[in-house]
Amino acid sequence: MSDEERRWRELTTEQRQPRLLAAGSVPYQLLYTNADVQGITPSWPGVAPYTRGAYASMYRGRPWTIRQYAGFSSAAESNCFYREALRSGQRGLSIAFDLPTHRGYDSDHPRAAGDVGKAGVAIDTVEDMRVLFDGIALDQVSVSMTMNGAVLPVLACFIVAAEEQGIRPAALLGTIQNDILKEYIVRNTFIYPPAVGMRIAVDVIEHLSQTMPKFNSISISGYHFQEAGADPALELALTLGNACAYLDAALARGLAVDSIAPRLSFFFAIGMRFLQEIAKLRAARALWAQLLCKYQPRDPKSSVLRTHCQTSGYSLTQQQPLNNIVRTTIEALAAVLGGTQSLHTNAYDEAVGIPVAESARVARNTQLILQHETDITHTVDPLGGSYAIESLTRDLQAAAEKILADLEAQGGMLAAITSGYAKNKIEQSAVHKQALIDRGTDVVVGVNKFQHPDDDGVMEVRDIDTTALRAQQVQALQRIKKTRDAGAVSQALQRLRDAAAKPGTNLMPATLAAVRQRATVGEVSAALEDVFGRYQAEVSLTSSSLYVDNYGDDDAQVKAVRAQIAQFAHQTGRQPRILVGKLGQDGHDRGLHVIAVAFSNFGFDVDLAPLFQTPAEVVKHAIENDVHVIGISTHTAGHKVLIPQLLAGLKDTAIAVVAGGIIPPQDYEFLRQAGVREIFVPGTTLPECAARVMQVLSPDGG
């Protein structure tokens, strides 16, 4: 040891403990040196294991594709947005569909109320798809569609709409997400049981491999794992584990590895762990090339991991929203330095709603500035060789390999999904993270530190009148049903049922035939549901004390809440009982589970409502379980329709309602007038939430 190193070690003794950002995550060393990269073999971009880049020249040859994820309201409104984006420098489209479409419901279905057009564009028929892409050259513009549960009818509508515009399927460019496994773990926009979902995913892979050579048949997503709480190593492992499961299923169908693997694409989240996010993308490519070795591909392209990235939605804050521009820029830079092939940058107002025109423009321009005003496209993998980046890349790969081994020991991804293993791992990470934020250990500027006294969180919000839009969609559906050949539709749907009942029969041809006859997305989904049933995931509450273990069991706020609960129990003879749930077709359940765990840790008797409930179903659940209060977590802007319906159903009860999540401040008074007793702003600590709920339940009602 040199004298200089000895002096440094003496100076840094108190700071040399490795730093963790989350339970199970890769630690940061205080200082990385040449000793930390011993044994790491330098590699070349475009050459296995592709750590330094998927392609040899990377952005020197062509910058990453600017592909902004967007869709809202009607197909006509979204079309206008897409055409303007393409005129403004965007080079590819990424389509967001509304929740009823994801879940296979037409806009006129009772379960669609409150959600039509709210978190994406409503697509009921081929006609909607024709309007969505009117004036857009689908043989020149790459289209990515985020669709999983209703992948068959939505993809069929896209293909038929293109055909009717004179574009053959073989000429279409783009990607269909078709990643149903991650839906069963986190996002929850599934329709059918897991084994059926897997069959349909492989049907799509098989059909596109035979008919659409320029279209990627699946995009395996890690994005939603990170957004739900996974650390980078867990995101890597679950994503690549799912990819292997799809590949295995396709090979079992008789497809060749080199006909499938080159057309697999990936999708990762990029959060505020700047160094780890860069390392994560590098590790992903190296690990995928390693995993592919067992399949013995002959085409080198089979081993190349190509990815789209999106900046984090979870990192965005309602407080001081312009800070989100900085967060998104940092995350976008990490994606680029990590070597992404395409990128979506979130808008600064997405913590409260769908982006307005100005925020969407700023988000897109963030990428244009990185491409045209900086020098980061001039050289490949500019941080390659950094002691820190190379060490973190190796450490993340090793951590992901360990998790993959655990998943294999569980029996593979389908088994890990069925047992709840994968979901529980993410939930534990999310609860740990929330406790650190609430305690102030993880700083979020403007939320738990450096708050501004004049910040009220109010900003312009794109408000969509879902009631009017739904009426418009229903009228269009009625027109189509009056003018189509009802007998031909009925026969086509029956042929689809017959195909579904025959294992091994690819469902895409029968779906295309039904859609050509103008069968709707909902009718196709219902026909398949007749055969397969609709899947309802079990809901369960972890019994761990993870939140208070990380927040601090002896914290003054926690003690105060527990004292309130003890007093309530003494006065009423039982613990306060809360039903935590969501309304409508929103499946984002990170907040739901974190709240349930924390409130249970504080001493509440907690019920979890199943997902995808109508207000009437939640009312029934609450009354049957004799709860004192219902806590509604909302994510996708259906609150102005669904929460008033819930309150109307409770009018003859003493059950209180509180709400939190993505709710624009300008809607608070509307909800209070409707009868919501408390509204929790994002960033409110969970001990404070619990204390305010107890105040609602006090004799004077708060």
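In what follows, the structure referred to is the one given above.
Every chain is numbered on its own, with residues counted from 1 as its sequence reads. Local features in this predicted model are restricted to residues whose pLDDT is 70 or higher, and side-chain atom pairs enter the listing and the counts only when it is 80 or higher, whereas totals over whole chains, interfaces and linings include all residues. Remark: hydrogens and water are excluded; side-chain values derive from all non-hydrogen atoms of the structure.

Q: I'd like a rundown of the overall build of the protein, residues and numbers included.
A: Only DSSP runs of H or I reaching four residues or more are called helices, and only runs of E reaching two or more are called strands; each is numbered from the N terminus. Of the regular secondary structure elements, the protein holds 27 helices and 14 strands. For the protein, the spread of C-alpha atoms along the principal axes amounts to about 80 × 70 × 50 Å. It only takes one pair of heavy atoms within 4.5 Å for two residues to be counted as in contact. Sequence-distant contacts, at least 24 apart, represent 79% of the contacts inside the protein between residues at least 6 apart. For the area figures, the Shrake-Rupley method with a 1.4 Å probe applies, and any residue is considered shielded solely by the protein chains shown. Surface exposure of the protein reaches about 27,400 Å², of which carbon and sulfur atoms provide 52%.

Q: Describe the pattern of salt bridges, naming the residues involved and giving the relevant values.
A: We count a salt bridge whenever a side-chain nitrogen from Lys or Arg sits within 4 Å of a carboxyl oxygen from Asp or Glu. Inspection of the entire model under this criterion finds 35 salt bridges. In this structure, Asp108 engages Lys481 in a salt bridge whose closest nitrogen and oxygen atoms are separated by 3.8 Å. Of this pair, Asp108 sits in the loop between helix H3 (99-102) and helix H4 (126-132) while Lys481 sits in helix H17 (residues 466-483); the two residues are 373 residues apart in sequence, bridging distant segments of the chain. Here the term buried applies to any residue with accessible area under 20% of the maximum for its type, exposed to any over 50%, and partly exposed to those in between, with areas from a 1.4 Å probe on protein chains only. The class for Asp108 is partly exposed, based on a relative accessible area of 33%. For Lys481, a relative accessible area of 34% corresponds to the partly exposed category. The shortest N-O distance in the salt bridge between Asp381 and Arg282 comes to 2.9 Å. Highlighted residues: Asp381 in the loop between helix H13 (357-372) and helix H14 (387-409) and Arg282 in helix H11 (residues 274-292), separated in sequence by 99 residues.

Q: Give a description of the nonpolar core that names residues and reports values.
A: Side chains that are nonpolar tend, in soluble globular proteins, to be buried together. Within the largest apolar cluster, 113 residues are counted, with the highest numbers of intra-cluster contacts made by Trp288, Ile426, Tyr547, Phe599, Phe602 and Phe604. Ranked by the residues each element gives to this core, the list is headed by helix H9 (residues 232-252), at 12 residues. Those residues in contact with Phe604 that lie beyond four places of it in its chain are Ile565, Pro576, Ile578, Phe599, Ala690, Val693 and Met694. In this text, buried Ala, Val, Leu, Ile, Met, Phe, Trp, Tyr and Cys residues form a nonpolar core when linked through side-chain atoms within 4.5 Å. By size, the runner-up hydrophobic cluster in this structure holds 60 residues, among which are Phe215, Ala492, Ala514 and Val521.

Q: An account of the side chain of Ser342 is needed here, citing residue identities and associated values.
A: By the secondary structure assignment, Ser342 is in strand S9 (residues 342-344). Exposure remark for Ser342: the relative accessible area of 7% places this residue in the buried category. Apart from the residues within four sequence positions on either side, Ser342 is in contact with Trp64, Thr65, Arg67, Thr307, His308 and Cys309.

Q: Could you give an account of the state of the cysteines, naming the residues involved and the relevant values?
A: Only a pair of cysteine sulfur atoms within 2.5 Å counts as a disulfide in this structure description. For the structure shown, the criterion picks out 0 disulfides. Cys244 provides the cysteine sulfur closest to Cys293, a residue in no disulfide bond, and the two sulfurs are 11 Å apart.

Q: Break down H14 for me, citing the residues and quoting the values.
A: Expected span of a helix, by definition, is 1.5 Å for each gap between consecutive residues, and there is one gap fewer than residues. Along its 23 residues, H14 runs 33 Å from first to last C-alpha, staying within 8% of the 33 Å computed at 1.5 Å per residue. Within the span of H14, buried status applies to Ala388, Ile389, Glu390, Ser391, Leu392, Thr393, Leu396, Gln397, Ala400, Ile403, Leu404 and Leu407. The inward-facing, buried residues of H14 abut H9, H11, helix H15 (413-419) and helix H16 (421-439). Following H14 by one or two positions, Gly411 adopts a phi angle in the positive range, close to 110 degrees.

Q: Requested: an account of the pairing of strand S12 (residues 629-634), with residues and values cited.
A: The element S12 is largely enclosed, with a buried count of 6 among its 6 residues. Alternating residues of S12 divide into Val629, Gly631 and Ser633 and Ile630, Ile632 and Thr634, and every residue in both groups is buried. The pairing criterion is simple: DSSP has to find at least two bridges between the two strands. Of the pairings in the sheet, the one linking strand S10 (residues 577-581) to S12 comprises 4 bridges and is parallel in character. Pairing of Ile578 across the sheet is with Val629, part of S12. Two elements, S12 and strand S13 (residues 656-661), share 6 bridges in a ladder whose sense is parallel.

Q: Run through the sheet that holds strand S8 (residues 307-311), naming residues and quoting values.
A: Pairing within the open sheet is parallel, and its 9 strands lie in the order S5-S4-S3-S2-S1-S9-S8-S7-S6. Edge strands, defined here as strands with exactly one partner in the open sheet, are strand S5 (215-216) and strand S6 (218-221). Across 4 bridges, strand S2 (residues 92-95) lies against strand S3 (residues 142-145) in parallel orientation. Bridging from a neighbouring strand, Ile95 pairs with Met145 of S3. Relative to S2, helix H2 (residues 75-87) is tilted by about 150 degrees, and along the sheet it contacts strand S1 (65-70) and S2. In this analysis an axis means a line fitted to C-alpha atoms, helices contributing only their contacting stretch, and an angle means the value between N-to-C directions, from 0 to 180 degrees.

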